[in-house]
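Examining the three-dimensional arrangement
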Amino acid sequence: MLSEPFSPWVFGYGSLIWRPGFVFERAERALLRGVHRRLCIYSHRHRGTVERPGLVFGLERGGACVGMAFKIAETDWPKVREYLREREQVTGVYVETHRPAKLANGELVETLTFVADPKHPQYAGRLTLEEQFALVNCAAGEAGPNVDYVINTARHLKEMGIADRQVQALAAMIGRSRALPEDRSATG
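Summarised in this report is the structure supplied together with it.

**Focus on the packing of helix H4 (residues 146-159) against helix H5 (residues 165-179)**
It is at 9 Å that the axes of H4 and H5 come closest, and there the two elements cross at 125 degrees. Taken together, the axes of H4 and H5 lie oblique to each other. The handedness of the crossing between H4 and H5 is left-handed. Note on element contacts: H5 touches H4 through Val167, Gln168, Leu170, Ala171, Ile174 and Arg178, opposite Val147, Asp148, Val150, Ile151, Ala154, Leu157 and Lys158. Of the residues assigned to the contact of H4 with H5, the class counts are 9 nonpolar, 1 polar and 3 charged.

The structure is reproduced here in structure tokens:
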């Protein structure tokens with residue numbers, strides 16, 4: 001049973017975890033069932049361009065996702081919702097939906113959630129780690145380099161004790177590539 005009375009909550013699973021960009025009353029670790037986090041959206045603006053797309057996280061069907069639920073004050077809700085629509089729905093690649101999330105204390109709350117639209121042209125689907133790395137490593141957009149987005153998300157998930165092997169594996173690949181010398185021919 002969902003908690004009553006209804007209070008506006010937002011579920012974050014990627015950059016909303018570490019850069020929500022809106023005022024909130026509470027931030028709680030939360031579990032959303034029926035979807036999982038994946039780098040499955042081509043970014044043509046925030047973390048890439050049309051010519052050199054990056055990748056951002058989306059929620060895909062199946063499994064479960066641990067992220068953050070943010071409680072928004074009723075008075076702030078219209079402004080926050082507008083902000084989120086401008087941020088997340090630039091090209092309509094996400095479906096805006098409401099889903100129950102379970103907070104760490106066991107409470108169920110209804111959350112505004114953005115789920116990947118597999119019919120959208122920017123939907124990348126299931127890419128291998130190598131394909132993800134190739135896109136992320138070379139892309140940058142209005143919000144900065146795509147590698148920073150992945151590294152920040154991986155770091156925050158790890159700090160929260162959230163195990164996401166795919167995100168951590170990609171972050172490790174990025175870390176190894178940054179540790180390599182620029183000019184390998186000079187190393188003999």
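**Some words on the packing of helix H3 (residues 129-138) against H4**
H4 packs onto H3 with a crossing angle of 115 degrees between their chain directions and a minimal axis gap of 6 Å. Contacts from Leu135, Val136 and Asn137 in H3 reach Asn146, Val147 and Val150 in H4. A per-class count over the contact of H3 with H4 returns 4 nonpolar, 2 polar and no charged.

**Details of the packing of aromatic side chains**
All chains considered together, the criterion is met by 7 aromatic pairs. On the numbers, 5.4 Å between centres and 35 degrees between planes, the contact of Phe57 with Tyr149 is tilted. With Phe57 in strand E3 (residues 54-71) and Tyr149 in helix H4, the pair connects residues that are 92 residues apart, well separated along the chain. Taking relative accessible area as the criterion, Tyr149 reaches 6% and is therefore assigned buried. Through a chain of ring-to-ring contacts, the aromatic side chains of Phe22, Phe24, Phe70 and Tyr83 assemble into a single cluster.

**What about the sheet that holds strand E2 (residues 26-43)?**
Strand order around the closed barrel formed by 5 strands is E1-E3-E2-E4-E5, with mixed pairing between neighbours. Direction aside, neighbouring strands of the sheet carry axes that sit 35 degrees apart on average. Here strand E4 (residues 94-103) runs beside strand E5 (residues 108-116); their pairing, made up of 9 bridges, is antiparallel. By the bridge assignment, Val95 is partnered in E5 with Val115. Contacts from H4 reach E2 and E3 within the one sheet, and its direction differs from that of E3 by about 40 degrees.

**Some remarks on the pattern of salt bridges**
Summed over all chains, the structure comprises 11 salt bridges. With a closest N to O distance of 3.0 Å, Arg45 and Glu142 form a salt bridge. Taken as a pair, Arg45 in the loop between E2 and E3 and Glu142 in the loop between strand E6 (140-141) and strand E7 (144-145) lie far apart in primary sequence, 97 residues in all. Owing to a relative accessible area of 36%, Arg45 belongs among the partly exposed residues under this scheme. In the salt-bridge network here, residues are joined through shared partners; they are Arg26, Glu28 and Glu107.

**Here we look at the layout of surface pockets**
Reported here for the largest pocket is a volume of approximately 410 Å³. Around the largest pocket, the lining is made up of 25 residues, and of these His46, Val56, Arg87, Glu88 and Tyr94 lie nearest the centre. Elements supplying a minimum of two residues to the lining of the largest pocket: helix H1 (15-18), E2, E3 and helix H2 (77-88). Here the residues of the lining of the largest pocket sort into 11 nonpolar, 9 polar and 5 charged. Considering only enclosed or pocket space, the second largest pocket measures out at about 270 Å³ in volume. Taken together, 14 residues make up the lining of the second largest pocket; nearest its centre are His36, Arg37, Asp164, Arg165 and Gln166.

**Observations regarding the side chain of Arg47**
For Arg47, the location among the structural elements is in the loop between E2 and E3. In this structure, Arg47 is buried with no salt-bridge partner, the nearest side chain bearing the opposite charge being Asp148 at 5.2 Å. At 3.2 Å, the side chain of Arg47 forms a polar contact with the backbone oxygen of Ala143.

Criteria and thresholds
- Residues numbered from 1 in each chain as written.
- Predicted model: local features only at pLDDT ≥ 70, side-chain atom pairs only at ≥ 80, totals over all residues.
- Heavy atoms only, no water.
- Axes fitted to C-alpha atoms, helices over the stretch in contact; angles between N-to-C directions.
- Helix = DSSP H or I, 4+ residues; strand = E, 2+ residues; numbered from the N terminus.
- Parallel < 35°, antiparallel > 145°, perpendicular 65-115°, else oblique.
- Left-handed = near helix turned anticlockwise from the far one by under 90°.
- Contact = heavy atoms within 4.5 Å.
- Nonpolar A, V, L, I, M, F, W, Y, C, P; charged D, E, K, R; others polar.
- Phe/Tyr/Trp six-rings, centres within 6.5 Å; stacked < 30°, edge-to-face > 60°.
- Buried < 20%, exposed > 50% of the residue type's maximum accessible area, 1.4 Å probe, protein only.
- Pairing = 2+ DSSP bridges.
- Salt bridge = Lys/Arg side-chain N within 4 Å of Asp/Glu carboxyl O.
- 1 Å grid on protein atoms, 1.4 Å probe; cavity = no way out; pocket = protein on both sides within 12 Å on 5 of 7 lines; lining within 4 Å.
- Points joined across faces, edges and corners; volume = space filled by probe spheres on them.
- Lys, Arg positive; Asp, Glu negative; His and termini not counted.
- Polar contact = N/O pair within 3.5 Å; in protein donor to acceptor, adjacent residues only side chain to side chain.

That's the geometry; what it means functionally is another story.
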